[in-house]
Amino acid sequence: MDASVTDRTLTGEDIVGNLDEIQGNIIKPYTYAQQRGLFFRIDNGAAGRQWLDHVSARVTPATPWPDAKRPQSAMNVGISFFGLRALELSADALSGFPGVFQAGAVGRAERNGDVGERSPDTWQDGFGSEGIHVAVFVFSDDVALIDAESDWLREAAERVGGVTEMAAHDGRGFEDGVEHFGYRDGLTDVPIEGTEEIYPQTPGAGTRQPDGTWAPLKPGEFLLGYENESGSEPPAPEPRELAVNGTFIVYRKIYQDVAAFRRFLAQAAECVYGSSNEDDQERMAAKFMGRWRSGCPLMHAPDEDRPELADDPDKCNNFGYSDDPDGMICPRGAHIRRMNPRDALDGTATVVRRHRLIRRGLEYGPKLPDGVLEDDGRDRGIASYLVCANIKDQFEFVWQEWVNKGDFAGLPMGEQDPIIGPASAEGQMTLPGEPMPFLFDFKRFITTRCGEYFFMPSLTALKGIAAQKY
Amino acid sequence: MSAGKAVTKETLEVVKSFNLEGLFKTRGAGASEVTLLHNIKEGKGAEQREWLEAVINTDWELSLWGSEEIHFLRACTINNDTQFLFCSNFDGTPDTYLADFLVHSPEFLDQVWGRCEGYPEGGARDFKGFMEFIVSGYVPCQAFFAAYPDATVKQVWRALDWEKKTRDFQRELARPTPSRTLEESSKQRAA
């Protein structure tokens, strides 16, 4: 790393020069078909650092691949606060990490709605304690290569001792790009200023400008040491070398109850449209998501699905909600309008561009065959990580205010995200303009299987942590 | 105050003679303010703070809840427990607000301000002395904002009650009728 760039706040102009420092899969998704998250506990600091030093040599940076030729596999690393402590980072360095990260996913569970059936007591594989220290994500199109990389990691751990594998979570993308609930996924990403050339994105993915165009997000929303949307830097630990070009990820493995979702969809269509025929179920599904299940946005196709629009780069993401303030076309509580309200909150105190998330993840478990309405007892869902420079203002804010409440959009306080909300007793959905404009008795369709907050350091910082430099 | 003794003409006249309405701000039927700052008697600061801390959820709140006129009230010791800051937002005018309190809860007022310098020896039953004390702590309020200036506490409660009733009604309406089970519906489609 050029030492001079670490002394000042970096901007979009600095990103291209720092790609060899930033871990891959943050700025631009890999699009490998298979992934595995391997989670380790460090019982001996010196051994752990030795192992991390081996691993750091294999970590994939964000550097564009020569001739756009993707390597056969990629590897990335995150370290939890408890992992940094186990690796014997200095007390000064540890204390500089944001409090929310220090508390970890368990410490923040109650605020994030991980209570009851979703509480850390129920989490798998040693999550739900302070025992998940290092996450290594391995990506490839070929499971055999993922197995080989996993074996290499395990053998290296065995050689040094004091490093224990706690869990391995596999994920893979379905060929049709459709996730378990039947929606086409992976249609939207977040563009970052300064990366337009290496990762051109479709209009509508960033922030709407007064002239109607879309601007990318400032890098400091997703990278430490860079200017963010409020003109400052995200909170970060010292020394600067430890933080800059790093970020935070929120790992969550989430079970999806597909049978319950399908049954509710039929019931909801019956309540709202008086019929549960296929067309009405599809219409209901579109109102829940804000997109038809084909991916076509409701804002461009209010009355019937136009699947071709999901593949039209000028339409797929290019829309706002200012022409639909009451949610007659896209309900104000629809999932995508919650996760990114775009221009819907303009004129309010909420600055949407300070609360964006990059999602990187794949499905796990087999698909429930079409038409099946009873659960088959198989585990299925999504294993993903959300990238954000500020866990509190981004992940936690979105979860606490936009997913779990309705007040931000002028809806009843108890109105929650219809798909990923907690479905509490007050849960409801307001559907203006529909034959029955309100819907109640939502069921819980997702359950947190486990989760943790990880720091995803730059390549230099990763080697520095392994060398006990900080 | 909702019940009990009526505010006498005499009390109201004593209060009115202090021209409170010329001092405190009013933005509408549901938005008046009183801001007061008094010095706490030497050695009484910690006691005042501890009394405020202990009074939460007890008689204080019950008394205020029963008033049905107060939207928000803040009471705090400040400047290292040497001063007592009292800010209240309520319905109606400052005259009726204080006259109500004077008639219905003089003991309560004695507890709130009894540890402050200049509090009358006769306590809140000495209407004139109490009003002189209140005015001595007057803090001019330059800016006072109310998001719903004409909504009184009772109106807000009624609106919330209506919201709940409306939602219960909506829930009943939105419930699928027993005759429209999924099976029935598919039979209808087939027909």
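Rules behind the numbers
- Residues numbered from 1 in each chain as written.
- Chains lettered and ligands numbered in written order.
- Predicted model: local features only at pLDDT ≥ 70, side-chain atom pairs only at ≥ 80, totals over all residues.
- Heavy atoms only, no water.
- Helix = DSSP H or I, 4+ residues; strand = E, 2+ residues; numbered from the N terminus.
- Rg over C-alpha atoms; globule rule 2.2 N^0.38 Å.
- Buried < 20%, exposed > 50% of the residue type's maximum accessible area, 1.4 Å probe, protein only.
- Areas by Shrake-Rupley, 256 points an atom, 1.4 Å probe, with all protein chains shown as cover.
- Lys, Arg positive; Asp, Glu negative; His and termini not counted.
- Charge placed at Lys NZ, Arg CZ, Asp CG, Glu CD.
- Core = buried A, V, L, I, M, F, W, Y, C linked by side-chain atoms within 4.5 Å.
- Domains from an automatic or database assignment.
- Contact = heavy atoms within 4.5 Å.
- Buried area = accessible area lost by both parts, 1.4 Å probe.
- Salt bridge = Lys/Arg side-chain N within 4 Å of Asp/Glu carboxyl O.
- Polar contact = N/O pair within 3.5 Å; in protein donor to acceptor, adjacent residues only side chain to side chain.

**Student:** Can you break down the overall build of chain A residue by residue, with the values?
**Tutor:** A tally of helices and strands in chain A yields 12 helices and 12 strands. Over its C-alpha atoms chain A spans a radius of gyration of 22 Å, differing by no more than 12% from the 23 Å that the globule rule assigns to 470 residues. Its C-alpha atoms give chain A principal-axis dimensions of roughly 65 × 50 × 40 Å. Counting all 470 residues of chain A, 58% fall into the buried class. Carbon together with sulfur atoms contributes 47% to the accessible area of chain A, which is approximately 17900 Å² in total. Taking the average place of the 48 positive charges on the side chains of chain A and the average place of its 75 negative ones, the gap between the two points comes to 1 Å.

**Student:** If you had to explain the nonpolar core to someone new, which residues and values would you point to?
**Tutor:** In this structure, W51(A), M284(A), F288(A), L439(A) and I465(A) are the most contacted members of the largest nonpolar core, which totals 136 residues. Sort the elements by how many residues they give to this core and helix α8 (residues 258–273) of chain A lands first, with 11 residues. Counting only domains with at least three residues in this core, you end up with domain 1 (3–175 + 219–252 + 454–466) and domain 2 (254–450) of chain A. Excluding its chain neighbours within four sequence positions, the residues that come into contact with I465(A) are R49(A), L52(A), I79(A), L84(A), L87(A), L89(A), L242(A), F455(A), P457(A) and Y470(A). Judged by nonpolar contacts, the second largest core, of 30 residues, contains F86(B), F90(B), C116(B) and I134(B).

**Student:** Which residues make up the domain arrangement of chain A, and what values go with them?
**Tutor:** All names here are of chain A. Looking at the assigned domains, one finds that chain A contains domain 1 (3–175 + 219–252 + 454–466) and domain 2 (254–450). When each unit is reduced to the centre of its C-alpha atoms, the spacing between domain 1 and domain 2 is 29 Å. Taken together, the 47 residues of domain 1 in the interface contact 41 residues of domain 2. Interface area for domain 1 against domain 2, summed over the two sides, is near 3900 Å², with a carbon-plus-sulfur share of 54%. On the domain 1 side of the interface with domain 2, the three residues burying the most area are R118, V250 and R252, jointly 22% of the side's total. R354 is paired through a salt bridge with E221; the nearest N and O atoms lie 3.0 Å apart. Where domain 1 touches domain 2, the interface holds 21 residue pairs in polar contact (both at pLDDT 80 or more). Elements that contribute at least two residues to the side of domain 1 that touches domain 2 include exactly β1 (34–42), α5 (99–107), β3 (134–140), β4 (163–172) and β7 (247–256). Of all the elements, β7 adds the most residues to the side of domain 1 that touches domain 2, at 6 residues.

**Student:** Quick one: what's the story with the interface of chain B and chain A, residue by residue and with numbers?
**Tutor:** In this complex, chain B contributes 12 residues to the contact, which on the side of chain A involves 15 residues. Carbon and sulfur atoms supply 58% of the area that chain B and chain A bury against each other, a total of about 1300 Å² over both sides. Between the two partners, chain B and chain A, sit 1 salt bridge. The salt bridge involving R171(B) is made with D441(A); its shortest N-O contact spans 2.9 Å. For the side of chain B that touches chain A, the elements supplying multiple residues, two or more each, are α7 (153–174) and α8 (182–190) of chain B.

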